[in-house]
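# Reading the structure
What follows is the residue order along each chain.
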Amino acid sequence: MPFSMRDLLNIAMMSIALGMDSFSLSIGMGLNGINRKRAIQMCICIGLFHIVFALLGLWVGFWVEAKVGQIAKGFGAFLLIGLGIHMLFESFHKKRETVRRRGNSLLSLLLFSSGVSIDALSVGFTLGLRSATYGIVSAFAFGVAGAVMTGAGLYLGEKSFRLVRLAWRVVWFAFADFSWLAIFI
């Protein structure tokens with residue numbers, strides 16, 4: 001089944017949408033400072049979890065379609081629309097949360113990656129209702145987008161951290177070292 005430009009655009013848009021949560025969370029991780037080895041591990045792990053969850057959802061979608069047929073397509077469309085509405089609502093009404101860094105264990109990396117990638121499961125479910133080829137290509141596109149957007153978020157967070165730290169030092173130097181001039185003014 002050849003892909004049209006519309007199919008590729010749909011896959012690209014879904015990939016970007018699924019990668020946005022890993023991008024935003026990785027900015028926060030980058031702000032805390034992260035070494036290069038850990039950043040690469042995080043990118044690979046999140047990319048793999050996006051692929052695995054999308055393929056698992058794809059498999060569940062095929063299984064459900066075989067069992068209930070046409071009802072599954074309506075449910076899949078409802079699930080995808082509901083997920084989109086929920087993501088929009090959360091982006092506008094999200095309360096600020098404090099995130100404490102607990103450590104650099106493998107378990108924390110796996111839990112973080114699975115939490116960031118869980119939405120690929122429901123999207124994979126709806127892809128299973130379209131075709132296998134479309135779903136597999138989409139799953140790998142989700143993984144690549146998740147990994148790349150995680151890396152971009154970590155990079156942006158790290159650069160922002162350095163910029164804020166430099167600005168703080170400049171402000172501190174200006175007020176701390178020249179405060180004695182206020183005596184003469």
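What this report covers is the structure whose coordinates are included nearby.

Calculation notes
Residues numbered from 1 in each chain as written. Predicted model: local features only at pLDDT ≥ 70, side-chain atom pairs only at ≥ 80, totals over all residues. Heavy atoms only, no water. Helix = DSSP H or I, 4+ residues; strand = E, 2+ residues; numbered from the N terminus. Buried < 20%, exposed > 50% of the residue type's maximum accessible area, 1.4 Å probe, protein only. Contact = heavy atoms within 4.5 Å. Expected span 1.5 Å × (residues − 1). Bend = angle between axes of the 7 residues up to and from the residue. Axes fitted to C-alpha atoms, helices over the stretch in contact; angles between N-to-C directions. Parallel < 35°, antiparallel > 145°, perpendicular 65-115°, else oblique. Left-handed = near helix turned anticlockwise from the far one by under 90°. Salt bridge = Lys/Arg side-chain N within 4 Å of Asp/Glu carboxyl O.

This part is about the overall build of the chain. Across its full length, the chain carries six helices and zero strands. Counted from the first residue to the last, the chain has its helices and strands arranged as α-α-α-α-α-α. Buried residues in the chain amount to 32% of all 185 residues. For the chain, the proportion of contacts with a sequence separation of at least 24, taken over those separated by at least 6, is 93%.

Another point: helix 1 (residues 5-31). Counting along an α-helix, one turn takes 3.6 residues, and residues three or four places apart therefore face a common direction. Its 27 residues place the ends of helix 1 37 Å apart at the C-alpha level, agreeing with the 39 Å of an ideal helix rising 1.5 Å per residue. The axis of helix 1 is deflected most strongly, by about 35 degrees, at Gly 19. If you check which residues of helix 1 are buried, you get Asp 7, Ile 11, Met 14, Ser 15, Leu 18, Gly 19, Ser 22, Ser 26, Met 29 and Gly 30. Phi for Gly 33, located one or two positions after helix 1, is positive at around 90 degrees.

Further remarks concern the environment of Leu 127. By the element assignment, Leu 127 lies in helix 5 (residues 119-127). Taking the relative accessible area as the measure of exposure, Leu 127 reaches 5% and is therefore buried. For the pair formed by Leu 127 and Leu 58, sequence separation is 69 residues and the distance between their alpha carbons is 6.0 Å. Apart from the residues within four sequence positions on either side, Leu 127 is in contact with Met 14, Leu 58, Tyr 134, Gly 135, Ser 138 and Phe 142.

Here helix 2 (residues 36-68) crosses helix 5 at 40 degrees, and the two axes come no closer than 6 Å. With respect to helix 5, the axis of helix 2 lies oblique. Judged by the sense of rotation from one axis to the other, the crossing of helix 2 with helix 5 is right-handed. Within the contact between the two elements, helix 2 uses His 50, Phe 53, Ala 54, Leu 56, Gly 57, Leu 58, Val 60, Gly 61 and Val 64 and helix 5 uses Ala 120, Leu 121, Gly 124, Phe 125 and Leu 127.

Next up on the list: the pattern of salt bridges. Pairing between side chains of opposite charge can happen when the charged atoms of each approach one another. Under the criterion given, the structure shown has one salt bridge. A salt bridge links Arg 162 to Glu 158; the nearest nitrogen and oxygen atoms lie 3.1 Å apart. Of the two residues, Arg 162 and Glu 158 both sit in helix 6 (residues 132-177), four residues apart, roughly one turn of that helix. According to the relative accessible area criterion, Arg 162 is partly exposed, its value standing at 42%. Its relative accessible area of 16% is what places Glu 158 among the buried residues.

Honestly, it's all geometry; don't read function into it.
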